[in-house]
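Per-entry structural report
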Amino acid sequence: MTLVPVTMKVDLAKELTEELNIEEVFGFDLHGIHIGFDEATVVSWIIMAAMAVLCFFLTRGLKVEGKLSKRQLLLELAYTKGEAFFKDLMGPKIHKYIPWLMSMALFIGISNIIGMFGMKPPTKSMQTAAAMAVTSIVLIEYCAFKDKGIKGRLRAFTKPVGIVTPIKVLEIFTKPLSLCMRLFGNVLAAFTIMKLIEFSMSMILPPVIVPVIFSLYFDIFDGLLQAYIFVFLTALYLEEAVEPIDPPKTKEQKRQEKLAKQERRRLKKEEKQAKKAAKKAA
């Protein structure tokens, strides 16, 4: 009776190790340096190629006027909904990056659920998650420097007070690290939990029923949820990057400042006149 659990434990550990390892698919040597391409890279290429081919066929024969096909109506509806979602999060300065965010969401979403088709998800690799996080932070900093200039961006590190400057500088590194670890950790955890459930429940239920039930959450819902969280945080960081250092002043605030400046000038003028009068009296 004690042999079955031990065998299951060994098999589970072995299978998890095999599934989590990102092995090299092919490679070559160049001047003594080995250049290899692992499963995450190859599967990423397959996903990008499939997305490119699909976009090519879906966008053929689009019309501006006249009777529109159901395919075009569906595409326009999907894009309009996605664009409206990001417009609510982002200001007009960075609306031009919405297609990039939507493309990133599609890539991450497909990468997370491609394990259902017998391929290893690229996001199961730390390098893939780190590459997407670094790409996001580079775009964020580019928008910040482009919008505020070098001096304005450097001055933003000292707001609201100069003592927070080290923390603001540290955020440049913590933001991509957070994006990377959140995506990689959740995808890895979902895969591991799914395998544990399969091994534990397969002794009770038929092996076909268990994966179908739990994969609806761990393989589909959780995978799409992580794509949503990644682009949602990136959109928030982009909006924060172009946020004005000093909030715009209202008309009432400008009027009050103007009156205060006039009052200061009047007081200075009266002070000078009082000094002159005192000198004459002396």
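Before going into details, it helps to say that this report is about the structure given with it. Everything numeric in this text was worked out from a predicted model, so none of it was measured. Note on numbering: residues in each chain are counted from 1, in written sequence order. A pLDDT threshold of at least 70 governs which residues receive local features in this predicted model, and a stricter bar of 80 or more applies before side-chain atom pairs are shown or counted, although totals over entire chains, interfaces and linings include all residues. To get the side-chain values, all heavy atoms of the structure are used, and hydrogens and water are removed first.

1. Structural notes on the packing of helix H3 (residues 70-89) against helix H4 (residues 98-113)
- Inter-axis angles, ranging from 0 to 180 degrees, are taken between N-to-C directions of lines fitted to C-alpha atoms, where helices are fitted over the stretch in contact. Working definition: helices are DSSP H or I runs of at least four residues, strands are E runs of at least two. Numbering for both runs from the N terminus. With their axes 10 Å apart at the nearest point, H3 and H4 run at an angle of 110° to one another. Relative to H4, H3 is oriented roughly perpendicular. Our pair here, H3 against H4, has a crossing hand that is right-handed. When H3 is examined against H4, the residues Ala78, Tyr79, Gly82, Glu83, Phe86 and Lys87 are found in contact with a partner set consisting of Ile98, Pro99, Leu101 and Met102. Convention used here: angles under 35 degrees read as roughly parallel, angles over 145 as roughly antiparallel, angles from 65 to 115 as roughly perpendicular, and any remaining angle as oblique. Left-handed describes a crossing in which the near helix is turned anticlockwise from the far one by less than a right angle; the clockwise case is right-handed. Pairs of residues are marked as contacts when any of their non-hydrogen atoms sit within 4.5 Å.

2. Overview of a positive patch on the surface
- Residues with no salt bridge and a relative accessible area higher than 30% make up the patches, which join like charges within 9 Å and nonpolar side chains (Val, Leu, Ile, Met, Phe, Trp, Tyr) within 5 Å. Per-residue and other accessible areas follow the Shrake-Rupley method at a 1.4 Å probe size, with only the shown protein chains counted as cover for residues. Salt bridge, as used here, is a side-chain nitrogen of Lys or Arg placed within 4 Å of a carboxyl oxygen of Asp or Glu. Charge convention: Lys and Arg are scored as positive, Asp and Glu as negative, and His as well as the terminal groups of each chain are ignored. Where a charge sits is defined by one atom per residue type, namely NZ (Lys), CZ (Arg), CG (Asp) or CD (Glu). Together, Lys261, Arg264, Arg265, Lys268, Lys272, Lys276, Lys279 and Lys280 make up a positively charged patch on the protein surface.
- Looking at where Lys268 falls in the secondary structure, it is placed in helix H8 (residues 251-281).

3. Some words on the nonpolar core
- In plain words, nonpolar cores are sets of buried Ala, Val, Leu, Ile, Met, Phe, Trp, Tyr and Cys residues tied together by side-chain atoms within 4.5 Å. Each residue gets one of three labels from its accessible area relative to the maximum for its type: buried under 20%, exposed over 50%, partly exposed in between, using a 1.4 Å probe on protein chains only. In terms of nonpolar packing, the biggest core is built from 37 residues, with Phe86, Met90, Ile108, Phe230 and Leu238 touching the most fellow members.
- The set of elements that each furnish at least two residues to this core consists of helix H2 (39-58), H3, H4, helix H5 (126-156), helix H6 (165-201) and helix H7 (209-241).
- For Leu238, the contacting residues outside a window of four places in its chain are Met90, Ile94, Leu101, Leu139, Ile140 and Cys143.

4. Let's talk about the side chain of Lys148
- Examined against the element boundaries, Lys148 turns out to sit in helix H5.
- Put simply, Lys148 is tucked away with no salt bridge, and the nearest opposite charge, on Asp147, sits 5.9 Å away.
- Counting of polar contacts relies on pairs of N or O atoms within 3.5 Å, with two restrictions inside protein: one atom must be capable of donating a hydrogen and the other of accepting it, and residues adjacent in sequence are counted only when both atoms are side-chain atoms. Side-chain polar atoms of Lys148 contact the backbone oxygen of Ala241, separated by 3.2 Å.

5. Structural notes on the packing of aromatic side chains
- Aromatic rings from Phe, Tyr and Trp, taking only the six-membered ring of Trp, are treated as a pair when their centres fall within 6.5 Å; an angle between ring planes under 30 degrees marks them as stacked, one over 60 as edge-to-face, and anything in between as tilted. Across all of its chains, the model carries five aromatic pairs by this definition.
- Consider the rings of Phe85 and Phe86, whose centres lie 5.1 Å apart with planes at 75°: the pair is edge-to-face.
- In this structure Phe86 comes out as buried when scored by relative accessible area, which is 5%.
- Look at Tyr228 and Phe232: their rings are 5.7 Å apart centre to centre, the planes differ by 25°, and that puts the pair in the stacked class. Highlighted residues: Tyr228 and Phe232, both in helix H7, separated by four residues, approximately one helical turn.
- Residue Phe232 is classed as partly exposed on the basis of its relative accessible area, which comes to 24%.
- One aromatic cluster in this structure is built from Phe85, Phe86, Tyr228 and Phe232.

6. What about the pairing of strand E1 (residues 24-30)?
- Both E1 and strand E2 (residues 33-38) contribute to a ladder of six bridges, which runs antiparallel. Of the residues in E2, the one forming a bridge with Gly27 is Gly36.
- Remark: two residues form the turn of the hairpin made by E1 and E2, two consecutive strands paired antiparallel; His31 in that turn has positive phi of roughly 55°. Paired strands are those between which DSSP finds at least two bridges.

7. Observations regarding a nonpolar patch on the surface
- Together, Val25, Phe26, Trp45 and Met48 make up a nonpolar patch on the protein surface, roughly 390 Å² of accessible area in all.
- Every element with two or more residues in the nonpolar patch is listed here: E1 and H2.
- Here Met48 is to be found in helix H2.
- Given the relative accessible area of 43%, Met48 is considered partly exposed.

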